[in-house]
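# Reading the structure
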Amino acid sequence: MTAIFEWTPDARELADLELLLSGAFHPLTGFLGDADAHSVLERGTLADGTPWPDPVLLHLPADHPAQAGDRITLLDPEGAALGVLTVTERGPHGVAGPVEGGSGGPEHGPFARLRRPPAEVRKELAESPVLAVTMRGPLDATVLAEITATAAELSATVLLLPLAYGEAGPAVVRAALAARDRLPAGTSVVAVPLAPREPAAIDLELREHVADAYGASEHLAAPDPIAIPGPPHRRGLVVFFTGLSGSGKSTIARGLHDVLLERGSRTVTYLDGDVVRRLLSAGLTFSKADRDANIRRIGFVAAEVARHGGLAICAPIAPYAATRAEVREMVESVGADFLLVHVATPLAECERRDRKGLYAKARAGLIPEFTGVSDPYEEPDDADLTIDTTGMPIDRAVSRVADLLTSGGWIR
Ligand SMILES: Nc1ncnc2c1ncn2[C@@H]1O[C@H](COP(=O)(O)OS(=O)(=O)O)[C@@H](OP(=O)(O)O)[C@H]1O
Ligand SMILES: Nc1ncnc2c1ncn2[C@@H]1O[C@H](COP(=O)(O)OP(=O)(O)O)[C@@H](O)[C@H]1O
């Protein structure tokens, strides 16, 4: 019997889904199966010989029950259904099959009205040749002059295709709208959520395919802008302390918070552990699932602070390496920096301090799943700074973190 599931693909897969549904990935009509994916990687063609540069895949966890014949409704992160996949093949890491969507294009997201399907654009521009320009950043005067000259030579209409994906997406569309005003009358702008591919040659080939789908007689891939990230003192930063209970995380975090407030050069948010457990994570226990949920929530808030250039300090135990890595990824994906500070005070010293008497209770079996006693702590191997506070004055521990921020240019 056919089962119906719901699944939220990641941002890159959702972007690919939109291109599959709109026809921009023509002749593809769905996510690729094993034979096609292998053939693309080995020969640059689908299994039937049709040229195609990049495997377009949909990941599904190994323990997801979907099988061939089932249908999966694909949702965006807010829960809106974008399309339905009919599963034709189920591999250990993914799922393949054709996708179908509603008739209209995307209804929301920045510049939704500019994300138009190829068939509609082709019809509108059918009168003359089309010079399609794919772009991932602003066009400088030289490129604008080249586009104008080529369009004149071919008597072509210019179609700017800003490849709007991820955080930088809206800025690329704004760059295209600004460029339109400096190009011949009749230039159109259509936003295309094409995520970049590696290596550059594959990316270029895929851009050619998308430009073709939009009816290009000629395609010009505008040079990628040189990414110059802002200086560290203007970039968002998350300082994430991890370590056993009683290791000194909150004490050092509070000290760092004070140092930053005294310098006054950055806006700082301290996500205090107790406040987090009382408000953001109220009701959560210390099971693995609940600890992970707690850390993801902290990571989400910290990444939002950092997205807008703020500095967030967090100090949970965060015992699991994979969850800490998820937070690093969340923060870095908004263009901010992430520093992991491992407060590596040994268990024996934390237990000797036993500030809240919790270790004694844990040893007596009164607190189950207590980190270090009856629950795991995975030591980081990716810490940016490690501090064992045994015998160390508090000021000294705080200075070590403040010095790291100064030497990296995050504070001045
Ligand atoms: N079972 C168990 N294990 C560990 N810790 C426990 C437990 N039960 C209560 N507490 C108290 O909760 C504080 C740790 O909460 P966190 O939110 O930092 O933990 S976690 O990151 O979600 O694992 C921790 O506070 P800190 O001493 O500030 O680290 C403990 O006081
Ligand atoms: N160098 C140091 N850095 C941080 N805390 C220290 C240091 N030396 C001693 N301590 C003491 O260790 C305890 C750490 O407790 P706390 O900061 O609440 O730890 P955690 O937040 O990791 O549970 C405090 O009582 C603090 O005074």
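Note that the structure is a prediction, hence the values are computed from the model and not measured. (Residues numbered from 1 in each chain as written. Chains lettered and ligands numbered in written order. Predicted model: local features only at pLDDT ≥ 70, side-chain atom pairs only at ≥ 80, totals over all residues. Heavy atoms only, no water.)

This part is about the layout of surface pockets. Here the largest pocket is characterised by a volume of approximately 1,900 Å³. Taken together, 42 residues make up the lining of the largest pocket; nearest its centre are A11, L14, A15, D76 and P77. Sorting the residues of the lining of the largest pocket by element identifies α1 (11–22), β5 (81–86) and α5 (169–180) as the ones contributing at least two each. Per-element accounting of the lining of the largest pocket gives the leading share, eight residues, to α1. (1 Å grid on protein atoms, 1.4 Å probe; cavity = no way out; pocket = protein on both sides within 12 Å on 5 of 7 lines; lining within 4 Å. Points joined across faces, edges and corners; volume = space filled by probe spheres on them. Helix = DSSP H or I, 4+ residues; strand = E, 2+ residues; numbered from the N terminus.)

Turning next to the UniProt feature "domain: ATP-sulfurylase PUA-like" (unreviewed entry) in the protein. Annotation from UniProt places "domain: ATP-sulfurylase PUA-like" (unreviewed entry) at residues 10–89. Annotated as residues 10–89, this span is 28% helix and 20% strand, and its ends, taken at the C-alpha atoms, are 20 Å apart. (UniProt positions renumbered as here; feature names shortened; annotations may be inferred.)

With numbering aligned to this structure, UniProt lists the feature "domain: APS kinase" (unreviewed entry) at residues 235–388. Within the segment residues 235–388, helix and strand shares are 43% and 16% respectively, and the terminal C-alpha atoms sit 28 Å apart.

With the rule as written, the count across this model stands at one cavity of 30 Å³ or more. In this structure, the largest cavity spans a volume of roughly 40 Å³. A per-class count over the lining of the largest cavity returns five nonpolar, one polar and three charged. For the lining of the largest cavity, the domains that each give at least three residues are domain 1 (4–101) and domain 2 (112–221). (Nonpolar A, V, L, I, M, F, W, Y, C, P; charged D, E, K, R; others polar. Domains from an automatic or database assignment.)

Before going further, it helps to examine the site of ligand 1. Lining the immediate surroundings of ligand 1 are 19 residues, of which S245, R277, R291, N294 and E369 lie closest. Take A318: an N or O atom from its main chain is 2.8 Å from an oxygen atom of ligand 1. For ligand 1, the accessible surface in isolation is 630 Å², of which the surrounding protein chains cover 88%. By residue number, the principal contributor to the shell around ligand 1 is helix α9 (residues 288–307), which donates three residues. For the shell around ligand 1, the per-class residue count stands at ten nonpolar, four polar and five charged. (Near = heavy atom within 4 Å. Polar contact = N/O pair within 3.5 Å; in protein donor to acceptor, adjacent residues only side chain to side chain. Areas by Shrake-Rupley, 256 points an atom, 1.4 Å probe, with all protein chains shown as cover.)

In regular strands, side chains alternate between the two faces of the sheet. In terms of residue burial, strand β15 (residues 337–343) counts as a mostly covered element, since seven of its seven residues are buried. The two faces of β15 match: D337, L339, V341 and V343 on one face and F338, L340 and H342 on the other face are all buried. (Buried < 20%, exposed > 50% of the residue type's maximum accessible area, 1.4 Å probe, protein only.)

All told, the structure shown has 21 salt bridges when counted by the stated rule. Between R235 and D337 there is a salt bridge, with the nearest N and O atoms lying 2.8 Å from each other. Taken together, the residues R235 in the loop between β11 (218–221) and β12 (237–242) and D337 in strand β15 connect sequence positions 102 residues apart. Comparing R235 with D337 shows no difference in burial state: the two are buried. Bridged by salt links that share partners, the residues R136, D203, R207 and D224 form one connected network. (Salt bridge = Lys/Arg side-chain N within 4 Å of Asp/Glu carboxyl O.)

One open sheet holds the five strands; their spatial order is β13-β14-β12-β15-β16, and the pairing between them is parallel. Either end of the sheet is taken by a strand with one partner, and the two such strands are β13 (268–271) and β16 (385–387). On average, each strand axis in the sheet is tilted by 15 degrees relative to the strand beside it, whichever way the strands run. Looking at chain direction, β13 and strand β14 (residues 311–314) are connected through four bridges and run parallel. Paired with T269 across the two strands is A312, which belongs to β14. Sheet strands in contact with helix α13 (residues 394–407) are β12, β14, β15 and β16, and its direction is about 170 degrees off that of β16. (Pairing = 2+ DSSP bridges. Axes fitted to C-alpha atoms, helices over the stretch in contact; angles between N-to-C directions. Contact = heavy atoms within 4.5 Å.)

What follows deals with the site of ligand 2. Close to ligand 2 lie 16 residues, the nearest being G246, S250, T251, R355 and M392. Within the backbone of M392, an N or O atom sits 2.7 Å from a nitrogen atom of ligand 2. A distance of 3.5 Å is found between a nitrogen atom of ligand 2 and a backbone nitrogen or oxygen belonging to P393. For ligand 2, whose free accessible area comes to 570 Å², the fraction covered by protein is 84%. If you list the elements that add at least two residues to the shell around ligand 2, you get α7 (249–263) and α13. With four residues, α7 is the single largest residue contributor to the shell around ligand 2. Along the lines of polarity and charge, the residues of the shell around ligand 2 split into six nonpolar, seven polar and three charged.

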